[in-house]
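Chain and residue survey
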Amino acid sequence: MREIWQPLGAVGIISAFNFPVAVWAWNAALALVCGNSVIWKPSEKTPVTALACQALFEKACKEFGDDAPQGLSALLIGQRDIGELLVDDVRVPLISATGSTAMGRSVAPRVAKRFGKTILELGGNNAIIVAPTADLDLAFQGIVFGAVGTCGQRCTTTRRLFVHADIYDQLVPRLKSAYEGLSIGHPLEEKTLVGPLIDEQSYLAMEDALNKANLDGGAVHGGGRILSNEYPHAFYVNPAIVEMPQGSNVVEETFAPILYIFKYSDLGDAIARQNNVPQGLSSAIFTKDIQEAELFTSETGSDCGIANVNIGTSGAEIGGAFGGEKETGGGRESGSDSWKAYMRRMTSTVNYSSELPLAQGITFDTGE
């Protein structure tokens, strides 16, 4: 008896997400390596980068001549209705979808209705805990990059920060000072650290989130649109820090550079507050205490798919299983066995004898 892994045939990739290159690179690479073809419907907000990815892929295929079959990767440019056609097509046995939790709630039941398979990588409300023994220089770098890199438009962006009361007054003023000196501007300029939000809708969502935080008693530092005279059709913003009152939490994910900061005294309480959100993608702790690190990565610690120690939430390690729990979807993109999701499994029993062994040793006498 043996298990045989075979390609599914075609994999549908849907990206309702502003970061299409990474989505295509991970999902398409796995699908292709496993012998499948790829049909990719990128976010309608990022068609140009999707076309660039497709052009690069086709250029690479030409190097293999006739050994590379035609149509290994196909691109569907369009709005939601195009994505729905892909989701509902029985000829596409697997849909790998990256985007918001709301998108996942729509995709998953539609694919399940036709008994298809899904890999979902959805929202992230990622948190960092900074313990009193932390290397604050290390934590500072991880926090700032994680919170403002790609202008907060990354699924693993750092959105919440829990700082121990003993070091709060050392770390938080330093973060505020760094935010005031960030280089914000055109992303193709080498000095730029923070580019624009994707569109006006994202800007308005950020403004709304900051207004809500202010009404909830949060102290807002930063925020607001800038460079509107220079770039009237783009939406550049000042990243924002929001110091939240004791006992509060933020459960909604805003795809923008907002960092909510909370003060804590007990690590168990900080972990519980970190976990007390619907999403479960990435998390991190900065500490030199091995017991704190082990607690954070234990079954009673972080409930996220990624739990880092002394490195931030943003990004993914090559070879590691990337994905999350709860409303983040539960699928994994990359990792030691993620390829299995892109295959179908067959069990094959081969009988080499002249007798027929029956299941569970049953004797089935027909009388002949």
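In case you missed it, the structure is sitting above this.
Residues numbered from 1 in each chain as written. Predicted model: local features only at pLDDT ≥ 70, side-chain atom pairs only at ≥ 80, totals over all residues. Heavy atoms only, no water.

As for the overall build of the protein
Stated formally: Strands here mean DSSP runs of E at least two residues long; helices mean DSSP runs of H or I at least four residues long; both are numbered from the N terminus. When checking whether two residues touch, look at their non-hydrogen atoms; a contact exists if any pair is within 4.5 Å. Where accessible areas are quoted, they stem from the Shrake-Rupley method and a 1.4 Å probe; at the residue level, only the protein chains shown are allowed to cover. Under the counting rule used here, the positive set is Lys and Arg, the negative set is Asp and Glu, and His together with the chain ends is not counted. To locate a charge, take atom NZ for lysine, CZ for arginine, CG for aspartate or CD for glutamate.
If you tally the helices and strands in the protein, you get nine helices and 18 strands. Referenced to the eigenvectors of the C-alpha coordinate spread, the extents of the protein come out at roughly 90 × 50 × 35 Å. Nonlocal contacts in the protein, meaning residues at least 24 apart in sequence, comprise 71% of its contacts between residues at least 6 apart. In the form shown here, the protein has an accessible surface area of approximately 18700 Å², with 54% of it arising from carbon and sulfur atoms. Here the protein contributes 28 positive and 42 negative side-chain charges, whose respective centroids are spaced 4 Å apart.

Observations concerning the environment of Leu259
Inspection of the secondary structure puts Leu259 in strand β13 (residues 258-264). Between the C-alpha atoms of Leu259 and Val220, which are 39 residues apart in sequence, the distance is 9.8 Å. Every residue in contact with Leu259, bar those within four places of it in the chain, is listed here: Ile143, Ala147, Thr158, Arg159, Arg160, Leu161, Tyr179, Ala240, Ile241 and Val242.

Quick word on the sheet that holds strand β4 (residues 73-75)
Put simply, the test is: Between any two strands, at least two bridges found by DSSP are needed for them to pair. All axes are obtained by fitting lines to C-alpha atoms, using only the stretch in contact for helices, and the reported angles, taken between N-to-C directions, cover 0 to 180 degrees.
Strand order across the open sheet formed by five strands is β4-β3-β2-β5-β6, with parallel pairing between neighbours. Each edge of the open sheet is held by one strand with a lone partner, namely β4 and β6 (117-121). Ignoring which end each strand starts from, the neighbouring axes of this sheet average 15° apart. In this sheet, strand β5 (residues 94-98) lies alongside strand β2 (residues 10-15) in parallel orientation, the contact comprising five bridges. Within the sheet, the bridge partner assigned to Val11 lies in β5 and is Leu94. Lying over the sheet, helix α3 (residues 80-88) contacts β2, β3 (37-41) and β5, oriented at roughly 150° with respect to β2.

Re the environment of Ala178
Considering the arrangement of structural elements, one finds Ala178 in helix α6 (residues 168-180). Counting along the chain gives 147 residues from Ala178 to Glu325, while the straight-line C-alpha distance between them is 32 Å. Leave out the neighbours within four places in its chain, and Ala178 touches Phe140 and Val144.

Considerations on the nonpolar core
Taken as a class, soluble globular proteins show a tendency for nonpolar side chains to be buried jointly. The condition is simple: Residues belong to one nonpolar core when they are buried, are Ala, Val, Leu, Ile, Met, Phe, Trp, Tyr or Cys, and are joined through side-chain atoms within 4.5 Å. Under the scheme applied here, a residue whose accessible area is under 20% of the maximum for its type counts as buried, over 50% as exposed, and between as partly exposed, the area being computed with a 1.4 Å probe on protein chains only.
Within the largest apolar cluster, 56 residues are counted, with the highest numbers of intra-cluster contacts made by Ile129, Val130, Ile143, Leu161, Leu175, Tyr260 and Ile261. It is helix α5 (residues 136-148) that provides the largest number of residues to this core, a total of seven residues. When neighbours within four sequence positions are excluded, Tyr260 is seen to be in contact with Arg159, Arg160, Leu161, Ala209, Ala213, Val242, Met244 and Val250. Within the second largest apolar cluster, 25 residues are counted, among which are Val11, Phe17, Val38 and Ile119.

Digging into helix α2 (residues 47-62)
Basically, it comes down to this: The span you would expect from a helix comes to 1.5 Å times its residue count less one. What the arc describes is the spread of directions from the helix axis to the C-beta atoms.
Taking 1.5 Å per residue as the helical rise, α2 with its 16 residues ought to reach 22 Å, and the 23 Å between its terminal C-alpha atoms agrees with that figure. Of the residues making up α2, those classed as buried are Ala50, Cys53, Gln54, Phe57 and Cys61. All buried residues of α2 project into a common sector of 95° when viewed along the axis, lining one side. In α2, the exposed residues that point more than 90 degrees away from the buried face are Val48, Leu56, Lys59 and Lys62.

Some points on the packing of α3 against helix α4 (residues 101-113)
For clarity, the cut-off: Amino acids are sorted into nonpolar (Ala, Val, Leu, Ile, Met, Phe, Trp, Tyr, Cys and Pro), charged (Asp, Glu, Lys and Arg) and polar (every other residue, Gly among them).
Across the interface, α3 lies against α4 with an axial gap of 9 Å and an inter-helix angle of 35°. In this structure, α3 uses Arg80, Glu84, Val87 and Asp88 to contact α4, whose residues at the interface are Ser106, Val107, Arg110 and Val111. Among the residues making up the contact of α3 with α4, the classes are represented as three nonpolar, one polar and four charged.

Details of the packing of aromatic side chains
Rules: Two rings from Phe, Tyr or Trp (for Trp, the six-membered ring) form a pair when their centres are within 6.5 Å of each other. A pair whose planes differ by under 30 degrees is stacked, one over 60 is edge-to-face, and the rest are tilted.
As enumerated under the stated definition, the model contains four aromatic pairs in all. Ring plane angle 65° and centroid distance 5.1 Å describe the contact between Trp5 and Trp339, whose orientation is recorded as edge-to-face. Placement of the pair is Trp5 in strand β1 (residues 2-7) and Trp339 in the loop between β17 (325-326) and β18 (343-348), with a sequence separation of 334 residues. Overall, Trp5 belongs to the partly exposed group, its relative accessible area being 24%. Aromatic pair Tyr231 and Tyr236: ring centres 4.9 Å apart, planes at 35°, arrangement tilted.

Looking at the pairing of β2
Within β2, six of the six residues are buried, leaving the element largely enclosed by the surrounding structure. Looking at chain direction, β2 and β3 are connected through five bridges and run parallel. Residue pairing in the sheet places Ala10 in a bridge with Ser37 of β3.

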